[in-house]
Amino acid sequence: MIDNPHHLATPSGKPRARSFTIGFHGTPGPFNAITDVPGVSVGYATLITGDGPLIVGKGPVRTGVTAILPRPRAELATPVFAGVFSQNGNGEMTGSHIIEETGAFNFPITITNTHSCGVARDGTLRWMNRVLPAAIDSAWGLPVAAETYDGFLNDINGHHLTSEHVAEALDGAAGGPVEEGSVGGGTGMITFGFKAGSGTASRIAAWQGRTYTVGAFVQSNFGKRHNFTIRGLRAELTEPAIREATSRAEKGSIIAIIATDAPFLPHQMKRLARRVPLGVALTGGFGYHSSGDIFLAFSTANPAAALGLSGRIASADFIPDADIDAFFDAVVQTVEESILNALIANDDMTGRDGNFVPALPKAWLEEKFG
């Protein structure tokens, strides 16, 4: 699959990490994306308007929302077994308490900026009431919504994201190749002092003659420039530099979503979520104080058991814990590559007050990796 065009470029033609022959471990799926997990889809709404001085409520706007559907639209009321892990909890992921309690969640996942997390959550409920009203007509909904901070480039206090934008991302969610970089919730995000945002990758994992898929999606907005590492090479890039017309406080975070079709129980999904920080660390992320590093893993297997209908025994298949290591490998590998894809499939961006964030230089990548 080395020459698979989906592995080398995004749908819009932006280069991905593999276009620079960066050596990764593991075998990616056909799209090298979280959508390689059957039934999982991704959609975006991207908001980029205005330039110049910040006028709260008017812009400039550099934000958006990402939607991840863990099951096909008609099956979104059916829970998925899941686990969450917070490496550093300076951030938000709604719905995490019931996941900790029951080991499952239903409805779509959304990711956006810090001050729009509630809008994304509530917009998801409005959307569910429109497309699957029976799912919540006599029950409550606790959808997952997560955030990272984009206030260096975006008018974050202007609250430009609306429920209509959330519906746009949810309605547009699709399988297949996934756009990366400054799109969706990742539009205004920064990683290691370079423009970053949305990134994804996948791996095929084998067990007892069967193959399963592990996919990752990250909203990447973390890290200090001097720690940035690609496949063990410390980048040591001081230029191009961020231009700060206004002070840039350290408010970095990363949200990662792990999906698999492998049959695992909730405690095993939490174990997968706990391995996400290892992939982050391979790129130079150390979980600093201001960073909201919050991770969710879910399995699309065992839908009947996850639904857990009253009055009957629920039975679930699962791969033994003794055989989970190959899936740990896949999580670490996909998270590392997703972060690098978010950085590489990107361009320079100027936002509020002329604040400027450079893209990771493609010439440097050519020089180091070819």
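Please read all numbers here as calculations on a predicted model, not as lab measurements. (Residues numbered from 1 in each chain as written. Predicted model: local features only at pLDDT ≥ 70, side-chain atom pairs only at ≥ 80, totals over all residues. Heavy atoms only, no water.)

### Points about the pairing of strand 5 (residues 109-113)
In step 1: Counting buried positions over the 5 residues of strand 5 gives 5, a clear majority of the element.
In step 2: As judged from the 3 bridges shared by strand 2 (residues 61-69) and strand 5, these two strands associate in the antiparallel manner. For A67, the partnering residue across the bridge sits in strand 5 and is T110.
In step 3: Note that strand 5 and strand 6 (residues 144-148) share 5 bridges and pair parallel. Bridge pairing in strand 6 links I111 to A146.
In step 4: For the handedness criterion, the β-α-β arrangement of strand 5, helix 3 (residues 117-131) and strand 6 is classed as right-handed. (Buried < 20%, exposed > 50% of the residue type's maximum accessible area, 1.4 Å probe, protein only. Helix = DSSP H or I, 4+ residues; strand = E, 2+ residues; numbered from the N terminus. Pairing = 2+ DSSP bridges. Right-handed = clockwise from strand over helix to strand, strands pointing away.)

### Some remarks on the packing of helix 3 against helix 4 (residues 163-171)
In step 1: At a minimum axis separation of 8 Å, helix 3 and helix 4 run at an interaxial angle of 60 degrees. When the axis of helix 3 is compared with that of helix 4, the two are oblique. The handedness of the crossing between helix 3 and helix 4 is right-handed. In contact with V119, A120, G123, T124, R126, W127 and R130 of helix 3, helix 4 contributes S163, V166, A167, L170 and D171. (Axes fitted to C-alpha atoms, helices over the stretch in contact; angles between N-to-C directions. Parallel < 35°, antiparallel > 145°, perpendicular 65-115°, else oblique. Left-handed = near helix turned anticlockwise from the far one by under 90°. Contact = heavy atoms within 4.5 Å.)

### What to know about empty space enclosed by the protein
In step 1: Counted by the stated rule, this structure contains 1 cavity of 30 Å³ or more.
In step 2: Its boundaries defined by the atoms lining it, the largest cavity holds a volume of some 50 Å³.
In step 3: In terms of lining residues, the largest cavity is bounded by H6, A9, T10, P11, R16, F31, N32, A33, P177, V178, E180 and T200.
In step 4: When the residues that make up the lining of the largest cavity are grouped by side-chain class, the tally is 6 nonpolar, 4 polar and 2 charged. (1 Å grid on protein atoms, 1.4 Å probe; cavity = no way out; pocket = protein on both sides within 12 Å on 5 of 7 lines; lining within 4 Å. Points joined across faces, edges and corners; volume = space filled by probe spheres on them. Nonpolar A, V, L, I, M, F, W, Y, C, P; charged D, E, K, R; others polar.)

### Some remarks on the pattern of salt bridges
In step 1: What the rule picks out here adds up to 12 salt bridges.
In step 2: The shortest N-O distance in the salt bridge between E337 and R18 comes to 2.6 Å. Within this pair, whereas E337 is found in helix 8 (residues 325-344), its partner R18 is found in the loop between helix 1 (5-8) and strand 1 (41-49), the two being separated by 319 residues in sequence. Each member of the pair, E337 together with R18, is buried.
In step 3: Between D171 and R130 there is a salt bridge whose closest N-O contact spans 3.0 Å. Placement of D171 in helix 4 and of R130 in helix 3 is noted, with a sequence separation of 41 residues between them.
In step 4: Ionic contacts of the salt-bridge type, sharing partners, join the residues R18, R203 and E337 into one network. (Salt bridge = Lys/Arg side-chain N within 4 Å of Asp/Glu carboxyl O.)

### Describing the nonpolar core
In step 1: F228, I230, L272, F327, L343 and L360 are the most contacted members of the largest nonpolar core, which totals 45 residues.
In step 2: When contributions to this core are tallied by element, the ones reaching two or more residues are strand 9 (198-207), strand 10 (210-221), strand 13 (253-260), helix 5 (266-274), helix 6 (276-282), strand 14 (292-299), helix 8 and helix 9 (362-369).
In step 3: Residues within four places of F228 in sequence aside, it is in contact with F192, F194, L233, R234, A235, T283, L340, L343 and L360. (Core = buried A, V, L, I, M, F, W, Y, C linked by side-chain atoms within 4.5 Å.)

### Regarding the sheet that holds strand 2
In step 1: Spatial ordering of the open sheet is given by 1-2-5-6, a layout of 4 strands whose pairing is mixed. If you trace the sheet from one side to the other, it starts and ends with strand 1 and strand 6, each paired once. Going from strand to strand, the sheet's axes swing by 15 degrees on average, the running direction of each strand aside.
In step 2: Packing against the sheet, helix 3 makes contact with strand 2, strand 5 and strand 6, and its axis sits at approximately 150 degrees to strand 5.
In step 3: The sheet strands contacting helix 4 are strand 1, strand 2 and strand 5, and the helix crosses strand 1 at an angle near 140 degrees.

### What about the sheet that holds strand 10?
In step 1: If you walk across this open sheet you meet the 6 strands as 4-3-14-13-10-9, and the pairing is mixed. The sheet is open, and its two borders are formed by strand 4 (104-105) and strand 9, each paired with just one other strand.
In step 2: Alignment of strand 10 against strand 13, held across 8 bridges, turns out to be antiparallel. Looking across to strand 13, one finds that N221 is bridged to S253.
In step 3: Against the sheet, helix 5 contacts strand 3 (80-89), strand 13 and strand 14, and its axis sits at roughly 35 degrees relative to strand 3.
In step 4: Strands strand 9, strand 10 and strand 13 of the sheet are contacted by helix 8, whose axis makes an angle of about 160 degrees with strand 9.

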